[in-house]
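# Working through the structure, step by step
Letter by letter, the chains look like this.
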There are 4 protein chains.
Amino acid sequence: MQQFQLFIDGKWIDTNETLDVLDKYSQEVYARVAKAGEESVDEAITSASKAFEREKLSPFERYQILLKASQLISDQKEELAMIITREAGKPLKQARAEIDRSSQTFLVAAEEAKRIHGEGVPVEAAPGSENRMAFTIKVPVGVVGAISPFNFPLNLVSHKVAPALAAGNAVVLKPASKTPITALKLAEILDQAGLPKGLLQVVVGSGSTVGNQMMKDQRIALYSFTGSAKVGLKLKQETGLNRLILELGNNSPVIVDKEADVELAAKTIAAQSFAFAGQVCISVQRIYVHEEVQEIFLEKLKEYMADLKIGDPTDPETDVGPMIAEDEAERAEEWIQEAVEKGANIFIGGEREGALLKPTILTDVKPEMRVVCEEIFAPVASVIPFSDIKQCITEMNQSDYGLQGGIFTQNIDTAYYAAKHVEVGGFMINDGSQYRVDLMPYGGVKDSGNGKEGPKYSIEEMTEERLIVMNLKV
Amino acid sequence: MQQFQLFIDGKWIDTNETLDVLDKYSQEVYARVAKAGEESVDEAITSASKAFEREKLSPFERYQILLKASQLISDQKEELAMIITREAGKPLKQARAEIDRSSQTFLVAAEEAKRIHGEGVPVEAAPGSENRMAFTIKVPVGVVGAISPFNFPLNLVSHKVAPALAAGNAVVLKPASKTPITALKLAEILDQAGLPKGLLQVVVGSGSTVGNQMMKDQRIALYSFTGSAKVGLKLKQETGLNRLILELGNNSPVIVDKEADVELAAKTIAAQSFAFAGQVCISVQRIYVHEEVQEIFLEKLKEYMADLKIGDPTDPETDVGPMIAEDEAERAEEWIQEAVEKGANIFIGGEREGALLKPTILTDVKPEMRVVCEEIFAPVASVIPFSDIKQCITEMNQSDYGLQGGIFTQNIDTAYYAAKHVEVGGFMINDGSQYRVDLMPYGGVKDSGNGKEGPKYSIEEMTEERLIVMNLKV
Amino acid sequence: MQQFQLFIDGKWIDTNETLDVLDKYSQEVYARVAKAGEESVDEAITSASKAFEREKLSPFERYQILLKASQLISDQKEELAMIITREAGKPLKQARAEIDRSSQTFLVAAEEAKRIHGEGVPVEAAPGSENRMAFTIKVPVGVVGAISPFNFPLNLVSHKVAPALAAGNAVVLKPASKTPITALKLAEILDQAGLPKGLLQVVVGSGSTVGNQMMKDQRIALYSFTGSAKVGLKLKQETGLNRLILELGNNSPVIVDKEADVELAAKTIAAQSFAFAGQVCISVQRIYVHEEVQEIFLEKLKEYMADLKIGDPTDPETDVGPMIAEDEAERAEEWIQEAVEKGANIFIGGEREGALLKPTILTDVKPEMRVVCEEIFAPVASVIPFSDIKQCITEMNQSDYGLQGGIFTQNIDTAYYAAKHVEVGGFMINDGSQYRVDLMPYGGVKDSGNGKEGPKYSIEEMTEERLIVMNLKV
Amino acid sequence: MQQFQLFIDGKWIDTNETLDVLDKYSQEVYARVAKAGEESVDEAITSASKAFEREKLSPFERYQILLKASQLISDQKEELAMIITREAGKPLKQARAEIDRSSQTFLVAAEEAKRIHGEGVPVEAAPGSENRMAFTIKVPVGVVGAISPFNFPLNLVSHKVAPALAAGNAVVLKPASKTPITALKLAEILDQAGLPKGLLQVVVGSGSTVGNQMMKDQRIALYSFTGSAKVGLKLKQETGLNRLILELGNNSPVIVDKEADVELAAKTIAAQSFAFAGQVCISVQRIYVHEEVQEIFLEKLKEYMADLKIGDPTDPETDVGPMIAEDEAERAEEWIQEAVEKGANIFIGGEREGALLKPTILTDVKPEMRVVCEEIFAPVASVIPFSDIKQCITEMNQSDYGLQGGIFTQNIDTAYYAAKHVEVGGFMINDGSQYRVDLMPYGGVKDSGNGKEGPKYSIEEMTEERLIVMNLKV
């Protein structure tokens, strides 16, 4: 069995305790990782603080390191994809796509490292300031504490680490304890790519120990977190006056309007709702379908869903594999049962086998059912009919969340009415809520969080803008 | 009869010659204006050059002067509107709208004077430049030579003068010789508003004398011209290495798609094609109508056009008044005749009485007819059927011009296919080509010119960006 | 005595309790204000929520209302200045300057209301997204909870209210309980200016009741707070997943380098350290003077400080008046005593009479004395010698705060070394830390807070950016 | 001897005529190139027009091709450098530096291809436009006609070709007839990199034939030219309403202030004035030295210039090689003689041997001497004393040119006084005028041209911004 160590100050470190990482499909222990104790976490933060002071990489050096990392990620695509498939249970073809995206994330961050710049500020336009001249510069914040989730073990780590380094910061990364190996592999890659020691630490452990300790440490200037709204709130409330980037949950809505291309809608939704067993922040969860097209939509949805291949994630044809843990699958099943008891129908799916929950479509749901109003994070979506688009949107907006949403309609007025009124960070016209490319600004409103990801945008968040004003004599 | 003088170096100047300004409806001489000779033009440019060196207004002072001018324009709305109505023959309600817009143009320029700023340039990201820091500033170009047309005697003058002054430049303005009085009134207003002498000169005379002299004078750093492509080209070819903003002609196309709201299309087009007798750079001239909706569109267009009130421009109800000169109306009539001889039908209108040409719709036109391929600048539009949107757009793009265009369609894919492929500077979805608000970027491609108007954009053109790089020791 | 009421839902409201407002110089009760109970606060938030849904002002309407308010503020300058002088004890000439600045703040916010815009996002550059087109829009966040301090009773309220309204939000404002009257006057002005009812509420009361209740109310989407780091932290930790703008304290440092224009330095610092009795977030508190120029600097500082007129704030010649409360003056005196006991010398000042503390300069201080390491918020500054600029800056950066700082030096390399290394949000070359014009980005790093003020920047913070992506067929 | 062909429509083409390319040091024929006749030029433009319509590369595809080209340039560094050394006579170490820079230029252009985007336009802020939404997109202009000079046979070609392709345009390139081979090599590289045929053509011939024909062809949408002001003016005056980017000459000024680091000034200027025999647009030509430091400056300049190695450009130690042609060296010698006759002194240098002119410093020059007021484009600079910085700058600004300039001074006020008043496109503090990195905006004012180079900036110029406005029903 493979053994993994922590990565602190450029060194691979063992600790007293270890943590088992399961193969999520076979549920067998597949690797063993050193678990960070209090001392290791402290050492990691110390190392980051010192490295931040010591290593002042030029923008071009950061570019070179991140570019090299991007290339190494591509080079090791198959190996990395298989690690993700095993530790996350993510179907291989989705794992491969994740590697490609991570390589892009590093590439874009590398390029953005060379584009960090401030702007002129026309203070001379204020009465009495005629002789002044001002502009801003962007400076790194210092130590970034990154806490990442299991669902994209490489790309969501990349979205934290790559921009943080591009901006000139040092990083202490705590990956999800269920999927730490990919993150450790990334540390290895960055080490190979020439990252000076101390600019990245990877500490593995639970949120309640490692995470909590990180929250208390004032040397961390900024926390970048992706995870549940509950933990996001805790992070906000238990840290000091530090900065925060919070990428939290969603129960993503999509509208299928009466003027929709129903074929396109059904096909896209079938493909997007169940990728990685619905364990994606922007998986389609609430499908609002105009009653005039509901019947035909459901029919077509069924057809497209019949094509989904379910099972062993290492099979390159598989579309839907296991959930991250059997208890998570049980929880989702429970929510389904609760819905059914309250009147919902299972239109498709519903069966569970261990951690494997079949892609499920519910109908006749009610707004207060957990499958609708909370984030299910499972391969389960509900079809909700509507007759009036305005009422539909008012209802959609009842959600505490607001990450991404979408609409299928050919009508430009309907499309933009929705775009203007649906309370989300990103809205897709003729696409599902799950659309994301790594260069775009990504982030939610309301309980879905605060701050944008996408290398250019994260770098904005991970730098401070400093105004410099010159008082000139002539 | 009113007598007007030139405005040079803050003084009102008489010359040996005068120029008669006709009331364009009655065709009677309505005012007499001093005509600039060679000496006056030279003096005007000298005065501007000196004032540019001498008067370094702070951005806030420029703001205050332009704001005051904006207010004075509003205060004198009725008087100014009546001047425009008389010297341009523009219907009073359109003249009033022009005054409101000019006031906005000055207001926005005033505000933009306080927002001129450069940006940071990350030279430190280039290998070997790690110790450098760079940013840009925007500096005024110097003397702006403004040459303006008759169709918006106040607002198109404002679009040159207001941003030029906002940017810190001095101006020599040559208004259209047919409509000089409004421009002189504006000089009076700016004088009242506290503009230091020499920052604005108004010289009246023909293009072939005053205009030509201005072209030869190397002290003018930038020419801002609105007028015909022919004169624009001359300006480009006969000036030195000066900067140019050229706002030239168009034969504006609008598409009425089979999925259009035909009612909206007909109503908008009826209103937009004939305002100021079609003498607007972005008047609808070519109406491409899908054959499936052609009949109903023509019917509705006829209905809406029947509502247009034609005649005396001083009547506040009038929609369409005389053209700028009888020979212009004769020219347009000739083009119509030519078209008819080659097979076109006059669907509506066609009659002429002096300078008054009735709003005219032609059908059965061919691409090579002048009513289609040249800029008619008269209340004449042609309806051209199409069956395939792609072919239609290819045909539309044959034009040498590319200022603005539009499409009426409810279909989002059709709308954006057109937006992406029609070769214009501005494209309107569910609106006519004539949409313009003064804050937006306005300007054409191909023979429609170069450079954008709209105060924010003109200020960009009327300033130079200077890069400042510091080579720092540490 | 004047009586004041709360302003909720466009109505002036009495409550069961009142709060006395003292004249800070005479220490007599000068006005009485209704005190908000739990019910009033709830009503205020309800009213704001409803108004936000109901009143969708166009950007131009917002512009008009804020512009009108700006003008009314100017019109009522003398009355407003006298209110500030009495309720805050701020010297009249500084109060007048504050009115002028507030009028500018509203003006700039009005103008920025017309400039809110998103940007294009090149998603088509991502592999597989070739047919997509994307851009962002900015939407208001909803209800803004504004909590403002006593030191700028009008302008710091303006910096919250004006951009919040410019962005399209509704506001619940809790002004400092020591200086509520100016804020209520501003509500009156906005009411006169045509603000629809419900878009602004003013609730008066203590932080521990009204403030706490506001923190718990999830209907407030964003809190904008100016005040102490301690309360700022509480606000962060006791609110939900809402947005925060925190403008907190500072112990502002200024360097006087050996190559400084010492005359300029002494004059500026004398003027800036004691305005409003040093109760300004960016008052100069730590003066790092190169040992080569220390003697001459101290001499000149003494000369300039001798010119400061101290006493009755209603006297238009007064430079330094009372502190906000006698106990605050006592606290400052205590800190001075503590310093003296530990070895500091009082070079100038130190005497206290009631709330009036004389402008004080300390020498021989140590980094750990509270007069140095905490925010004194009193007319007290310390002169600290240094011999090496790099060490000096390292020492300066020990502070938990980082709002603004400055340097006096003629040497460009020294100036920019400092600008690059001093950890602050704004750095002034040849100016004191106290430089601020209202159009510039203003805000700190570290414990000085998060988020920028200045209307353009606050509007950024008070809107959400929504990405709209179109998936086009062709 | 090597034979080269034209590159048209992806094919290598022979013609009836050939053109000899000399080795500029040995003056022997070193290669023979097919010379484009009228037919070839026409074919090239036709091919570009068709390819522009046919080949719609996605931004990512453009990125990939340009990135590959960047890598191939690096891979072939030694070969390309030797070609430049031979056909341009450029010293090998400078030729190598040029290859590195070209690789960067292609790299940055590749990256910028993925960043082309428009912006939101707040038309909804105009009264009456509340229901509208607007944004801009950037579209390629079409066929770019690139005309490039001999002094950077690869990098100045790269600055035209790389951004043109990045923007989605097709290119017809006419390289300098003295240095065509590098350009042809670049075509080979782009072909290898996967550029679809027709997107780049290289036609070799003289300006008076090939250049003139290109000017007359209306299918070219934009001309990008680097060369003399004389030819630039011709290009402006003899083309139609096409767009122009003109990068013309300069007689670059640098100030050595009394507070300068004279050592740094002398060292930098010695290195920068004579690189590639002064045949660089931004070579230092006019050195304004404060009289207080003139003596020491001249002394140190002499010392540093003594280190320059002169002679065979293929020797990797050589700093100064031959000029591009013997007659050019003769012309420079003549200008020196003329100056000497009018009173100038040759402080250093002045000797000529064939095309090799020794680095020359003149003193006692007068403003009207050609060595001062015209662009000498030879290894010749003049030292001009001054006593008052303001007068000095006024004198400097008499020049018709305004590309780049610089100042050496430690005084921040002097530095920024100069930066604000010297009329140039780029101003260097504590650096010579010759500073350029390829990512920065580069371009002059006055007769030095129009439009900025640097991939990001050229892409701006080589695209058109199209405004799209939606008129929405709700």
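Above: the structure in question.
Residues numbered from 1 in each chain as written. Chains lettered and ligands numbered in written order. Predicted model: local features only at pLDDT ≥ 70, side-chain atom pairs only at ≥ 80, totals over all residues. Heavy atoms only, no water.

### Comments concerning the interface of chain C and chain D
Contact residues are listed per partner, giving 29 residues for chain C and 29 residues for chain D. Between chain C and chain D, the buried area comes to about 2100 Å², and carbon and sulfur atoms account for 67% of it. When the buried area of chain C at its contact with chain D is split by residue, Phe135, Gln410 and Ile412 of chain C rank highest and sum to 25% of it. Applying the counting rule to chain C against chain D returns 0 salt bridges. The interface formed by chain C and chain D contains 6 residue pairs in polar contact (both at pLDDT 80 or more). Mapped by element, the contributors of at least two residues to the side of chain C that touches chain D are α2 (59–75), β6 (120–121), β7 (132–140) and α14 (412–421) of chain C. Per-element tally for the side of chain C that touches chain D: the top contributor is α14 of chain C, with 4 residues. Taken together, the residues of the side of chain C that touches chain D break down into 15 nonpolar, 8 polar and 6 charged. (Contact = heavy atoms within 4.5 Å. Buried area = accessible area lost by both parts, 1.4 Å probe. Salt bridge = Lys/Arg side-chain N within 4 Å of Asp/Glu carboxyl O. Polar contact = N/O pair within 3.5 Å; in protein donor to acceptor, adjacent residues only side chain to side chain. Helix = DSSP H or I, 4+ residues; strand = E, 2+ residues; numbered from the N terminus. Nonpolar A, V, L, I, M, F, W, Y, C, P; charged D, E, K, R; others polar.)

### Focus: the packing of helix α3 (residues 77–88) of chain C against helix α4 (residues 92–113) of chain C
Describing two packed helices takes the angle between their axes plus the distance from one axis to the other. Residues and elements named next belong to chain C. Where α3 meets α4, the closest approach of the two axes is 8 Å, and the angle between their N-to-C directions is 125 degrees. The pairing of α3 with α4 is recorded here as oblique in orientation. You can see that α3 and α4 cross each other, and the crossing is right-handed. Residue-level contacts link Lys77, Glu78, Leu80, Ala81, Met82, Ile84 and Thr85 of α3 to Leu92, Ala95, Arg96, Glu98, Ile99 and Asp100 of α4. (Axes fitted to C-alpha atoms, helices over the stretch in contact; angles between N-to-C directions. Parallel < 35°, antiparallel > 145°, perpendicular 65-115°, else oblique. Left-handed = near helix turned anticlockwise from the far one by under 90°.)

### A word on the sheet that holds strand β5 (residues 29–35) of chain B
In a beta sheet, neighbouring strands pair by backbone hydrogen bonds and run either parallel or antiparallel. Residue and element names in this part refer to chain B. Within the open sheet, the 3 strands sit side by side as β1-β5-β4. Their pairing is mixed. Looking at strand neighbours, the two that pair on one side only are β1 (2–4) and β4 (17–22), the edges of this open sheet. Going from strand to strand, the sheet's axes swing by 25 degrees on average, the running direction of each strand aside. Strand direction decides the pairing type here: β4 and β5, joined by 6 bridges, are antiparallel. Looking across to β5, one finds that leucine 19 is bridged to valine 33. Set on the sheet, helix α6 (residues 181–192) makes contact with β1, β4 and β5; between it and β5 the angle comes to about 65 degrees. (Pairing = 2+ DSSP bridges.)

### Quick notes on the relation of the copies chain C and chain D
Its rotation angle being 180 degrees, the transformation that places chain C on chain D also includes 0.0 Å of axial translation and leaves an RMSD of 0.0 Å. Look at the turn and shift together and you get a two-fold axis relating the two. No C-alpha of chain C approaches the rotation axis more nearly than that of glutamate 119 of chain C, which lies at 1.9 Å. By residue overlap, the copies meet face to face through one surface: 100% of the interface positions of chain C are interface positions in chain D. (Least-squares fit on C-alpha atoms with pLDDT ≥ 70 in both.)

### Observations regarding the nonpolar core
One finds Leu190 and Met440 of chain A together with Leu190 and Met440 of chain D to be the most contacted residues of the largest nonpolar core, which totals 229 residues. When sequence neighbours within four positions are dropped, the list of residues in contact with leucine 190 of chain D reads Ile65, Leu66, Ala69, Phe106, Val161, Leu165, Leu195 and Leu200 of chain D. (Core = buried A, V, L, I, M, F, W, Y, C linked by side-chain atoms within 4.5 Å. Buried < 20%, exposed > 50% of the residue type's maximum accessible area, 1.4 Å probe, protein only.)

### Examining a negative patch on the surface
A cluster of acidic side chains, namely Glu295, Glu299, Glu303 and Asp307 of chain A, defines a negative patch on the protein surface. Among the structural elements, aspartate 307 of chain A can be located in the loop between α10 (294–306) and α11 (326–341). (Patch = residues over 30% accessible without salt bridge, like charges linked within 9 Å, V, L, I, M, F, W, Y side chains within 5 Å. Areas by Shrake-Rupley, 256 points an atom, 1.4 Å probe, with all protein chains shown as cover. Lys, Arg positive; Asp, Glu negative; His and termini not counted. Charge placed at Lys NZ, Arg CZ, Asp CG, Glu CD.)

### A word on the interface of chain B and chain D
Of the residues lining the interface, 62 residues belong to chain B; the matching set on chain D comes to 62 residues. For the chain B and chain D pair, buried surface summed over both sides reaches about 4900 Å², with 53% attributable to carbon and sulfur atoms. By the criterion of area lost to chain D, the three top residues of chain B are Lys236, Leu241 and Arg466 of chain B, representing 16% of everything that side buries. Applying the counting rule to chain B against chain D returns 4 salt bridges.

### Remarks on the side chain of threonine 414 of chain B
Tracing the backbone shows threonine 414 of chain B in helix α14 (residues 412–421). Aside from chain neighbours lying at most four places away, what touches threonine 414 of chain B is Asp257, Glu259, Ile389, Ile407 and Thr409 of chain B.

### Some details on the packing of helix α4 (residues 92–113) of chain B against helix α5 (residues 155–166) of chain B
All names here are of chain B. At their nearest, the axes of α4 and α5 sit 9 Å apart, and the two run at 15 degrees to each other. The pairing of α4 with α5 is recorded here as roughly parallel in orientation. The crossing of α4 and α5 is right-handed. Seen from α4, the contacting residues are Glu98, Arg101, Ser102, Thr105, Phe106, Ala109 and Ala113; seen from α5, they are Asn155, Ser158, His159, Val161, Ala162, Pro163 and Ala166. Counted by class, the contact of α4 with α5 contains 7 nonpolar, 5 polar and 2 charged residues.

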